[in-house]
Amino acid sequence: DIDDVGRKYHLELVLEDILDKDSTVNCTAEVLYHLGNKNIAPAVQFTIEGELKNTDEADNIFYSRIKSLEKELVAENIPDSHGSVSPEMEPIRLLAQVASGYVIWQNSTENTKFQLAQIKQVKQVKRSDDCLEFDYMILLHEMVSQEIIPWQMTVLWRPQHGVQVTQDSCQPKHALE
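Each chain carries its own residue numbering, running from 1 in the written order of its sequence. A pLDDT threshold of at least 70 governs which residues receive local features in this predicted model, and a stricter bar of 80 or more applies before side-chain atom pairs are shown or counted, although totals over entire chains, interfaces and linings include all residues. For side-chain calculations, the full set of non-hydrogen atoms in the structure is used, while hydrogens and water are omitted.

Describing the overall build of the protein chain
At step 1: Along the protein chain, the regular secondary structure elements total two helices and eight strands.
At step 2: What you see for the protein chain is a C-alpha radius of gyration of 18 Å, in line with the 16 Å of a compact globule of 177 residues.
At step 3: Along the longest, intermediate and shortest principal axes, the C-alpha atoms of the protein chain span 60 × 45 × 35 Å.
At step 4: Only protein chains enter the area calculation, which uses a 1.4 Å probe; residues under 20% of their type maximum are buried, those over 50% are exposed, and those in between are partly exposed. Per-residue burial over the protein chain gives 33% buried out of 177 residues.
At step 5: For the protein chain, restricting intrachain contacts to residue pairs at least 6 apart in sequence, the fraction spanning at least 24 positions comes to 49%.
At step 6: Taken as a whole, the protein chain presents about 11,200 Å² of accessible surface, with 49% of it coming from carbon and sulfur.
At step 7: Looking at the protein chain, you have 16 positive and 29 negative side-chain charges, and the mean spots of the two groups are 6 Å apart. Under the DSSP-based scheme used, a helix requires at least four consecutive residues in state H or I and a strand at least two consecutive residues in state E, with every element numbered from the N terminus. For the radius of gyration, the atom set is restricted to C-alpha positions; the globular benchmark scales as 2.2 Å times the number of residues to the power 0.38. Working rule for contacts: check all heavy atoms of both residues, and any pair within 4.5 Å makes them a contact. Throughout, the Shrake-Rupley method with a 1.4 Å probe supplies accessible areas, and for residues the shown protein chains are the sole cover considered. Counting rule applied: Lys, Arg positive; Asp, Glu negative; His and chain ends not counted. In plain terms, the charge of a residue is placed at NZ if it is Lys, CZ if Arg, CG if Asp and CD if Glu.

Next comes the structure, spelled out in structure tokens:
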């Protein structure tokens, strides 16, 4: 506890590369949850020892494939009801996983534990620049309360520039219907 500020946690983690399960790196982090104001994201400082696999080649292949589509991509229910993700939708799922990490961080408290459960819908938005833009409706599973929370997020991405969540908002439960 830090008087009148919040609660700080010191963590030591082993991070697993999502694309190469045999590749791991060590991570140390400090997470500060601020007292009182639940609208402030936890402050996070971290150090990573080592490097994860370079994804430039896979990123460029995915980018070229999406840019070459004649119609904007639209997909639903990733993964499907059997937990399956088609190989062509795996990069869309990975992009949602990274972007939802930002949403989860911004909305976390000491008493929540969110996880991306499913992409209910994703729609590519046509752009005139070199970015890819996707509107996602995702389902976040809040593990403590066991709630499934619909969340909208707009995501920009292009290779070697990272993921940017330009808009996100919690949606009413009836958005699932």
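A few points about the nonpolar core
At step 1: The definition of a nonpolar core used throughout is a set of buried Ala, Val, Leu, Ile, Met, Phe, Trp, Tyr and Cys residues joined through side-chain atoms within 4.5 Å. Formed by 28 residues in total, the largest nonpolar core has its most connected members in Ile 92, Val 122, Phe 134, Tyr 136 and Met 153.
At step 2: Among the secondary structure elements, those contributing two or more residues to this core are helix H1 (56–67), strand E4 (74–78), helix H2 (90–106), strand E5 (114–125), strand E6 (132–142) and strand E7 (147–157).
At step 3: In terms of residue count, H2 provides more of this core than any other element does, six residues in total.
At step 4: Each residue touching Val 122, except ones within four places of it in the same chain, is listed here: Leu 73, Val 74, Ala 75, Ile 78, Ile 92, Phe 134, Asp 135 and Tyr 136.

Description of the side chain of Gln 152
At step 1: Along the chain, Gln 152 falls in strand E7.
At step 2: In this structure Gln 152 comes out as buried when scored by relative accessible area, which is 14%.
At step 3: Of the polar contacts made by the side chain of Gln 152, one reaches the side chain of Thr 154; its length is 2.9 Å. Pairing of N or O atoms within 3.5 Å defines a polar contact, subject to two protein rules: one partner must be a possible hydrogen donor and the other a possible acceptor, and residues neighboring in sequence count only if both atoms are side-chain atoms.

Quick word on the sheet that holds strand E2 (residues 24–34)
Whether parallel or antiparallel, the strands of a sheet pair through hydrogen bonds between backbone atoms.
At step 1: Pairing between strands requires that DSSP locate at least two bridges from one strand to the other. Read from one edge to the other, the open sheet built from three strands follows the order E1-E2-E3, with strand pairing classed as antiparallel. Each of the sheet's edge strands pairs with one partner strand only, and the pair in question is strand E1 (6–16) and strand E3 (43–49). Shown here is a sheet whose adjacent strand axes are inclined to one another by a mean of 15°, direction ignored.
At step 2: Here E1 pairs with E2 via 11 bridges, running antiparallel. Bridge assignment links His 10 to a residue of E2, and that residue is Glu 30. Lines are fitted to the C-alpha atoms to define the axes, a helix being fitted only along its stretch in contact, and any angle between axes, read from their N-to-C directions, falls within 0 to 180 degrees.

Examining the packing of aromatic side chains
At step 1: Centre distance within 6.5 Å is the pairing criterion for rings of Phe, Tyr and Trp, where only the six-membered ring of Trp is used; planes under 30 degrees apart are then read as stacked, over 60 as edge-to-face, and the remainder as tilted. On inspection of all chains with the given rule, the structure shows five aromatic pairs.
At step 2: Taking the centre distance of 5.5 Å and the plane angle of 45° together, the rings of Phe 62 and Trp 157 count as tilted. Residue Phe 62 is located in helix H1, and its partner Trp 157 is located in strand E7; the two are separated by 95 residues in the primary sequence.
At step 3: A relative accessible area of 7% means that Trp 157 is categorised as buried.
At step 4: Judged by centre distance (6.2 Å) and plane angle (65°), the ring pair of Tyr 63 and Trp 157 falls under edge-to-face. Placement of Tyr 63 in helix H1 and of Trp 157 in strand E7 is noted, with a sequence separation of 94 residues between them.
At step 5: The rings of Phe 62, Tyr 63 and Trp 157 are connected pair by pair, giving a single aromatic cluster.

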